[in-house]
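The primary structure of each chain is shown beneath.
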Amino acid sequence: MKKSLNSMESLRQGIVVKAYSGYYYVQDGCEEFVCSLRGRFRHEKQQVVVGDRVELALRSNRAGVIVKVLPRCSLLLRPTVANVEQAVIVFSVQQPEPDPGLLDRFLITTFINNIKPLIYFNKIDLAAGGIMELVSCYQSVYPVMLTSTITGTGLEELSESLRGKISVFAGPSGVGKSTILNAILPGIKLKTGVISEKLKRGKHTTRHVELIPLPEGGMVADTPGFSSLELPDLRPEDLSCCFPEMEQYRGQCYFTGCLHDREPDCAVKEAVGVGRIAEIRYQQYLRFLQELKGRRRY
Ligand SMILES: Nc1nc2c(ncn2[C@@H]2O[C@H](COP(=O)(O)OP(=O)(O)OP(=O)(O)O)[C@@H](O)[C@H]2O)c(=O)[nH]1
Ligand SMILES: [Mg+2]
Ligand SMILES: [Zn+2]
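### A look at the overall build of the protein
Of the regular secondary structure elements, the protein holds nine helices and 13 strands. With respect to the three principal axes, the spread of C-alpha positions in the protein is 75 × 50 × 35 Å. Burial status across the protein gives 33% buried among its 298 residues.

### Describing the domain arrangement of the protein
The domain boundaries assigned to the protein delineate domain 1 (10-69), domain 2 (75-222) and domain 3 (236-296). If you average the C-alpha positions of domain 2 and of domain 3, the two centres end up 28 Å apart. On the side of domain 3, seven residues touch domain 2, which itself brings eight residues to the contact. Among the elements that line the side of domain 2 that touches domain 3, the one with the most residues is helix H3 (residues 100-112), at six residues.

### Re the site of ligand 1
Near ligand 1 lie 24 residues; those nearest to it are Gly-176, Thr-179, Thr-192, Thr-206 and Gly-225. Of all the elements, helix H6 (residues 177-184) adds the most residues to the shell around ligand 1, at three residues. Here the shell around ligand 1 is composed, by residue class, of six nonpolar, 15 polar and three charged.

### Quick word on the sheet that holds strand E13 (residues 219-222)
One open sheet accounts for six strands, arranged E10-E9-E8-E11-E13-E12; its pairing is mixed. Strands with a single pairing partner mark the edges of an open sheet, and in this sheet they are strand E10 (144-146) and strand E12 (210-213). Sheet twist, expressed as the average angle between the axes of neighbouring strands with direction ignored, equals 25°. Sheet topology places E12 next to E13; four bridges connect them, and they run antiparallel. Counted as the bridge partner of Ile-212 is Val-220 from E13. In the packing of H3 onto the sheet, contacts are made with strand E8 (86-92), strand E9 (116-122) and strand E11 (166-170), and the angle to E8 comes to roughly 180°. With respect to the sheet, H6 is in contact with E8, E9, E11, E12 and E13, its orientation differing from that of E13 by roughly 145°.

### Structural notes on the packing of helix H5 (residues 155-162) against H6
Their axes nearest at 10 Å, the elements H5 and H6 cross at an angle of 85°. The orientation of H5 with respect to H6, classified from their angle, is roughly perpendicular. Of the residues in H6, those in contact with Leu-155, Leu-158 and Ser-159 of H5 are Ile-180, Ala-183 and Ile-184. A class-by-class count of the residues in the contact of H5 with H6 yields five nonpolar, one polar and no charged.

### What to know about the sheet that holds strand E4 (residues 53-58)
Read around the barrel, five strands follow the order E1-E2-E3-E5-E4 and close on themselves; strand pairing throughout is mixed. Shown here is a sheet whose adjacent strand axes are inclined to one another by a mean of 55°, direction ignored. As paired elements, strand E1 (residues 11-20) and E4 share five bridges and run antiparallel to each other. Opposite Arg-12, over in E4, you have Leu-56 as the bridge partner.

### Quick notes on the nonpolar core
Formed by 61 residues in total, the largest nonpolar core has its most connected members in Ile-89, Val-168 and Ala-221. Top element by residues in this core is E8. It accounts for five residues. Setting aside its immediate chain neighbours within four residues, Ala-221 contacts Val-50, Gly-51, Val-81, Val-84, Val-168, Phe-169, Val-209, Glu-210 and Leu-211.

### A few points about the pairing of strand E2 (residues 23-27)
A one-sided burial pattern is seen for E2, the buried positions being Tyr-24 and Val-26 and the unburied ones Tyr-23, Tyr-25 and Gln-27. Counting the residues in the hairpin turn of E1 and E2 gives two residues, including Ser-21, whose phi is positive at 50°. Bridge analysis of E2 against strand E3 (residues 32-37) gives four bridges, and the strand direction is antiparallel. Of the residues in E3, the one forming a bridge with Tyr-25 is Val-34.

### Some thoughts on H6
Count 3.6 residues to each turn of an α-helix, and residues three or four apart come out pointing the same way. Burial analysis of H6 places six of its eight residues in the buried class, the great majority of the element. Looking at the buried residues of H6, the elements they touch are E8, E9, H5, E11, E12 and E13.

### Quick look at the environment of Lys-68
You can see Lys-68 is positioned in strand E5 (residues 63-69). On a C-alpha basis, the gap between Lys-68 and Leu-37 in space is 9.2 Å, while along the polypeptide they are 31 residues apart. Non-local contacts of Lys-68, meaning those with residues more than four positions away in its chain, are made with Val-54 and Glu-55.

Conventions adopted
- Residues numbered from 1 in each chain as written.
- Chains lettered and ligands numbered in written order.
- Predicted model: local features only at pLDDT ≥ 70, side-chain atom pairs only at ≥ 80, totals over all residues.
- Helix = DSSP H or I, 4+ residues; strand = E, 2+ residues; numbered from the N terminus.
- Buried ≥ 20, exposed ≤ 12 C-beta atoms within 10 Å, placed from the backbone.
- Domains from an automatic or database assignment.
- Contact = placed C-beta atoms within 7 Å.
- Near = placed C-beta within 6 Å.
- Nonpolar A, V, L, I, M, F, W, Y, C, P; charged D, E, K, R; others polar.
- Pairing = 2+ DSSP bridges.
- Axes fitted to C-alpha atoms, helices over the stretch in contact; angles between N-to-C directions.
- Parallel < 35°, antiparallel > 145°, perpendicular 65-115°, else oblique.
- Core = buried A, V, L, I, M, F, W, Y, C linked by C-beta atoms within 7 Å.

Here is the structure:
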């Protein structure tokens, strides 16, 4: 009788924690296996990414072949990681200076992917005047925390917020993502880099996404920094849903389908006028609106 291939193999389930040079490192909770992909995946061009839950057929003690990818709960594309529940978005208050536009792009991406965002402003030991204004503008809408790996500020709360969840660290190069993880995870020695003197930017030290198991349950991904991010494929009329502070005024504008731009009697613009919505967030909204409208012409 012809046996199915699978029944002759020893199958395990695990999570892809690293991927490079065509190999996938899969953790099953106790052990790590170095795996290749079954040919079918290559033909179907199905991508396997870090965070994917997979089935693998063991080939030897520590090696296997990925035979199945289980359905994903979420897929973040920048940085590429599957099944994350929350994104720890790290910006530094200086060196490099925070870019609120990039932060807003990332917040929209997490909203669209149904991933909970946590904003961490790191290097608070370097904070100069003016930064608290930016911090408080986000604090009224999102969970925001301040950290420093030099003074230890906020690191305990950060560890706490990771416990039991699958999280991804994301943000520009040089803001201190890997340094924070080294500080809160015993025994972890991720490579970190200095800031370029000339460009005042990070040097893209982390090159690959890596999921690290947490001592008290859950996992966290260190990822390479990025300096630009495309907005997701959104209709202009859906953009304000991605700004929680605007969403609460839904249905209160005079015009149905108000884009909160030039329309009269707009509840969102009124809220901006009296300081209930931060001007900087609203201006960013208008810029994104133009960007999305521009896309639709083609
Ligand atoms: N002053 C200060 N410097 C910090 C802090 N955290 C990290 N740094 C420094 O910032 C620099 C960059 O840190 P990394 O951890 O490599 O930054 P990263 O975000 O992982 O950068 P990429 O891997 O390139 O994306 C290093 O020189 C760190 O020592 C902090 O809280 N305060
Ligand atoms: Mg890094
Ligand atoms: Zn409006």
